[in-house]
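# Survey of secondary and tertiary structure
Take a look at the letters that make up each chain.
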Amino acid sequence: MKIQRTVTVDKPLSKVFAYFSDFTTTTEWDPGTVRTVRQSGDGGVGTSYHNTTKFAGRETELVYVVEELVPDRRFALRGENKSVVAHDTMEFSGDGSRTTMTYTADFEFKGLIRFVAPLLAPALTKLGNDAERGMREALSRL
């Protein structure tokens, strides 16, 4: 299952990239995030984050690891717990004062939950819409 949203703002690319590549900011723009704490690393490839999210009325925890960081271009993480693997990717482009970011979240469900995953589609769509709204609001405050 996949969520993808694109946001364009009148903010400098380097500022937008710096904000989103600090994954602890999810508490500010992702309404489902309860908390995100950096466990290890300096924010670059290999850095791990412990993320607690509320989804479909339940709290779930994932450990995310930064897999790719290309300054001002691309930031990708892989999150995992016993029931899901999440691949979050943010791609950036801009012209100095205006930035476009495309956020993609791919979910691979594991175990028995993969059989009921299609029933989660409405909740995932709402999650994507809420995150897009949160990204726009957070960016307006930068």
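Note that the structure is a prediction, hence the values are computed from the model and not measured. Position numbers for residues count from 1 along each chain, tracking the sequence in the order it is written. Local features in this predicted model are restricted to residues whose pLDDT is 70 or higher, and side-chain atom pairs enter the listing and the counts only when it is 80 or higher, whereas totals over whole chains, interfaces and linings include all residues. For side-chain calculations, the full set of non-hydrogen atoms in the structure is used, while hydrogens and water are omitted.

### A word on the confidence of the model for the protein
Condition: Confidence of the prediction at every residue is given by pLDDT, a number between 0 and 100. Helix numbers and strand numbers start at the N terminus; a helix is a DSSP run of H or I with at least 4 residues, a strand a run of E with at least 2.
Summing up the model confidence of the protein, the mean pLDDT is 89 and the portion of residues at 70 or higher is 92%. Per-element confidence in the protein ranges from a low mean pLDDT of 66 for helix 3 (residues 113-116) to a high of 97 for strand 5 (residues 74-80).

### Let's talk about unusual backbone geometry
Cut-off, in case you're wondering: Throughout, exposure labels follow a simple rule: accessible area from a 1.4 Å probe, protein chains only, divided by the maximum for the residue type, with under 20% read as buried, over 50% as exposed, and the rest as partly exposed.
With phi around 60 degrees, D72 is a residue other than glycine that occupies positive phi space. On the secondary structure map, D72 appears in the loop between strand 4 (58-70) and strand 5. By relative accessible area, D72 is classed as partly exposed at 27%.

### A closer look at the pattern of salt bridges
For clarity, the cut-off: Any Lys or Arg side-chain nitrogen found within 4 Å of a carboxyl oxygen on Asp or Glu counts as a salt bridge.
Overall, the coordinates contain seven salt bridges when judged by the stated rule. For the salt bridge of E68 with R74, the shortest nitrogen-to-oxygen distance reads 2.7 Å. Overall, E68 belongs to the partly exposed group, its relative accessible area being 28%. Note on R74: relative accessible area 25%, which makes it partly exposed.

### Section: the nonpolar core
To keep things clear, this is the line we draw: Residues belong to one nonpolar core when they are buried, are Ala, Val, Leu, Ile, Met, Phe, Trp, Tyr or Cys, and are joined through side-chain atoms within 4.5 Å.
Core analysis: the largest hydrophobic core is formed by 30 residues, its most contacted members being F20, W29, F75, M90, F92, F107 and M135. Only strand 1 (2-9), helix 1 (13-20), strand 4, strand 5, strand 6 (84-94), strand 7 (99-109) and helix 4 (121-140) provide two or more residues apiece to this core.

### Some points on the sheet that holds strand 1
So the rule is basically this: Pairing between strands is defined by DSSP: at least two bridges between the two strands are required. Throughout, an axis means a line fitted to C-alpha atoms (over the contacting stretch in the case of helices), and angles, computed between N-to-C directions, take values from 0 to 180 degrees.
Read from one edge to the other, the open sheet built from seven strands follows the order 1-7-6-5-4-3-2, with strand pairing classed as antiparallel. Unpaired on one side and paired on the other, strand 1 and strand 2 (33-40) mark the two borders of the sheet. Averaged over all pairs of adjacent strands, the angle between strand axes in this sheet comes to 20 degrees, irrespective of strand direction. Two elements, strand 4 and strand 5, share seven bridges in a ladder whose sense is antiparallel.

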